[in-house]
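Secondary and tertiary structure notes
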Amino acid sequence: MGVGILLMLVGVLGFIPGVTTQYSELMLLGPASHAMFLGLFQVSMLLNIVQLAIGATGWAMSRTEHGARNFLLGAGALYIVLAIFGLIVGVDSAANFLALNMMDNWAHLVLGIVMIVAGWLFSRTAARRP
């Protein structure tokens, strides 16, 4: 539940001027969006909406142990795929429709790995219980 809430918070904060610098340059999608969440992570409206959707999914799936584990594993894998996609297409490519910069890519990679490890550890502890 905590991961879902955190991701929803990041999605909402991405729409708030001040938290997101260069807010006037926030675009719906694409590398032309030069808004920067916390001055580090390039964001677009679509990326903020994706963060909100993933977070809401995590919050909803956290109602059961099985759902929480599946969310951590599935969303973790999704973030790793997102990081690899961002690294492959590059920052200035037209294919960079989510407006990902290098900080986004590395943050998504680390987040994905942490989520998968947490889901795996959660699976191990759940398997030990009768």
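Computed from a predicted model, the values in this text were never measured in an experiment.

**Considerations on a nonpolar patch on the surface**
- On the surface, a nonpolar cluster with roughly 440 Å² of combined accessible area is contributed by Leu28, Leu29, Met45, Ile49 and Phe97.
- Relative to the helices and strands, Met45 is located in helix α2 (residues 45–61).
- Exposure remark for Met45: the relative accessible area of 30% places this residue in the partly exposed category.

**Re the layout of surface pockets**
- A volume near 320 Å³ is recorded for the largest pocket.
- In terms of lining, the largest pocket is formed by 17 residues, of which the most central are Val10, Gln51, Ala107, His108 and Leu111.
- Elements with a minimum of two residues in the lining of the largest pocket: α1 (2–13), β3 (41–43), α2 and α4 (102–128).
- Per-element tally for the lining of the largest pocket: the top contributor is α4, with six residues.
- Looking at the lining of the largest pocket, its residues break down into 13 nonpolar, three polar and one charged.

**Description of the sheet that holds β3**
- If you trace the three strands from one edge of the open sheet to the other, you get β1-β2-β3, paired in antiparallel fashion. The open sheet terminates on both sides in strands that have one partner only, identified here as β1 (20–21) and β3.

**Brief notes about the UniProt feature "transmembrane region" (unreviewed entry) in the protein chain**
- As annotated in UniProt, the feature "transmembrane region" (unreviewed entry) corresponds to residues 37–59, 71–91 and 106–123 in the numbering used here.
- Across residues 37–59 one finds 65% helix and 17% strand; the C-alpha atoms that close the span lie 22 Å apart.
- End C-alpha to end C-alpha, residues 106–123 measures 26 Å, and it is 100% helix and 0% strand.

**Observations concerning unusual backbone geometry**
- Phi is positive for Gln22, which is not a glycine, with a value near 55°.
- Assignment of secondary structure puts Gln22 in the loop between β1 and β2 (35–37).
- For Gln22, a relative accessible area of 43% gives the class partly exposed.
- Of note, Ala99 is a non-glycine position whose phi angle comes to about 65°, a positive value.

Parameters at a glance
All residue numbers refer to position in the chain's written sequence, counted from 1. Selection of residues for local features in this predicted model requires a pLDDT of at least 70, selection of side-chain atom pairs for listing and counting requires 80 or more, and totals for whole chains, interfaces and linings are taken over all residues. The basis for every side-chain value is the complete set of non-hydrogen atoms in the structure, without hydrogens or water. A patch consists of residues exposed above 30% relative accessible area that lack any salt bridge, with like charges linked at up to 9 Å and nonpolar side chains (Val, Leu, Ile, Met, Phe, Trp, Tyr) linked at up to 5 Å. Surface exposure here means Shrake-Rupley accessible area, sampled with a 1.4 Å probe, where a residue is shielded only by the protein chains that are shown. A pairing counts as a salt bridge when a side-chain nitrogen of Lys or Arg comes within 4 Å of a carboxyl oxygen of Asp or Glu. Starting at the N terminus, helices and strands are each numbered in turn, a helix being any DSSP run of H or I of at least four residues and a strand any DSSP run of E of at least two. In this scheme, a residue with accessible area under 20% of its type's maximum is buried, one over 50% is exposed, and one in between is partly exposed, where area comes from a 1.4 Å probe on protein chains only. Think of a 1 Å grid over just the protein atoms. A cavity is a set of points where a 1.4 Å probe fits yet cannot get out, a pocket is an open set with protein on both sides within 12 Å along at least five of seven lines, and lining residues have an atom within 4 Å of a point. Grid points are joined across faces, edges and corners, and a volume is the space filled by probe spheres set on the points. Only Asp, Glu, Lys and Arg are considered charged in this grouping, and only Ala, Val, Leu, Ile, Met, Phe, Trp, Tyr, Cys and Pro are considered nonpolar; every other residue, Gly among them, is considered polar. A pair of strands counts as paired when DSSP detects no fewer than two bridges linking them. UniProt positions are given in the numbering used here, feature names are shortened, and annotations may be inferred rather than shown by experiment.

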